[in-house]
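# Remarks on the overall topology
Here's the letter readout for the chains.
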Amino acid sequence: MMIYPPITELVKKTGSRYALVIETAKRTRQLVEGAQKLSEVETSKDVTVAVNEIYENKIEAVAKVKTVEPAPAVTDNASEL
């Protein structure tokens, strides 16, 4: 028995297994809360719908990049003592 859609193909679309899990969970929550299905898959399981939407490129994860301010420079104040 083969898993459809293939996990390797899903990982290619999301970039990593971690991103796949996060994207699937977020989309599944949206579907549970009543969002419209974007994929025509014959199932009542929201997780399966979410995975198929990812596979069919119906949804796309957007990576949030967190910018970090550089730490202030440390000065040696020992010479002032």
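Heads up: the structure comes first, above all this text.
Residues numbered from 1 in each chain as written. Predicted model: local features only at pLDDT ≥ 70, side-chain atom pairs only at ≥ 80, totals over all residues. Heavy atoms only, no water.

Here we come to the side chain of Thr 14. You can see Thr 14 is positioned in helix α1 (residues 7–14). Reaching out from Thr 14, the side chain makes a polar contact with the backbone oxygen of Ser 16 at a distance of 3.1 Å. Apart from residues no more than four positions distant in its own chain, Thr 14 is found in contact with Ala 19, Leu 20, Glu 23 and Ile 54. (Helix = DSSP H or I, 4+ residues; strand = E, 2+ residues; numbered from the N terminus. Polar contact = N/O pair within 3.5 Å; in protein donor to acceptor, adjacent residues only side chain to side chain. Contact = heavy atoms within 4.5 Å.)

As a further point, take a nonpolar patch on the surface. A surface patch of nonpolar side chains, amounting to about 320 Å² of accessible area, comprises Tyr 18, Val 21 and Ile 22. Looking at the element boundaries, Ile 22 is found in helix α2 (residues 17–32). Judged by relative accessible area, which is 32%, Ile 22 ranks as partly exposed. (Patch = residues over 30% accessible without salt bridge, like charges linked within 9 Å, V, L, I, M, F, W, Y side chains within 5 Å. Areas by Shrake-Rupley, 256 points an atom, 1.4 Å probe, with all protein chains shown as cover. Salt bridge = Lys/Arg side-chain N within 4 Å of Asp/Glu carboxyl O. Buried < 20%, exposed > 50% of the residue type's maximum accessible area, 1.4 Å probe, protein only.)

Relative orientation of the contacting elements α2 and helix α3 (residues 46–55) amounts to 125 degrees, with a least axis distance of 8 Å. What the angle tells us is that α2 and α3 run oblique. Crossing of α2 over α3 shows right-handed handedness. Where α2 abuts α3, its residues Leu 20, Glu 23, Thr 24, Arg 27, Thr 28, Leu 31 and Val 32 lie against Asp 46, Val 47, Val 49, Ala 50, Val 51, Glu 53 and Ile 54. Residue classes in the contact of α2 with α3 are distributed as 8 nonpolar, 2 polar and 4 charged. (Axes fitted to C-alpha atoms, helices over the stretch in contact; angles between N-to-C directions. Parallel < 35°, antiparallel > 145°, perpendicular 65-115°, else oblique. Left-handed = near helix turned anticlockwise from the far one by under 90°. Nonpolar A, V, L, I, M, F, W, Y, C, P; charged D, E, K, R; others polar.)

Mapping Val 51 onto the fold places it in helix α3. Classification of Val 51 by relative accessible area gives buried; the value is 17%. When the C-alpha positions of Val 51 and Glu 23 are compared, they lie 8.9 Å apart, and in sequence the two are 28 residues distant. Apart from residues lying up to four places away in sequence, Val 51 is in contact with Pro 5, Leu 10 and Thr 24.

What follows deals with the side chain of Arg 27. The residue Arg 27 is located in helix α2 in this model. The class of Arg 27 is buried, set by a relative accessible area of 7%. Within the local environment of Arg 27, its side chain forms a polar contact with the side chain of Glu 53, the two groups lying 2.5 Å apart. Setting aside residues no more than four positions away along its own chain, Arg 27 makes contact with Ala 35, Gln 36, Lys 37, Leu 38, Ala 50, Glu 53 and Ile 59.

This part covers the packing of α1 against α2. Orientation of α1 relative to α2, taken along the N-to-C sense of each, is 85 degrees, at an axis distance of 8 Å. The orientation of α1 with respect to α2, classified from their angle, is roughly perpendicular. Of α2, the residues touching α1 (which contributes Leu 10, Val 11 and Thr 14) are Arg 17, Ala 19, Leu 20 and Glu 23.

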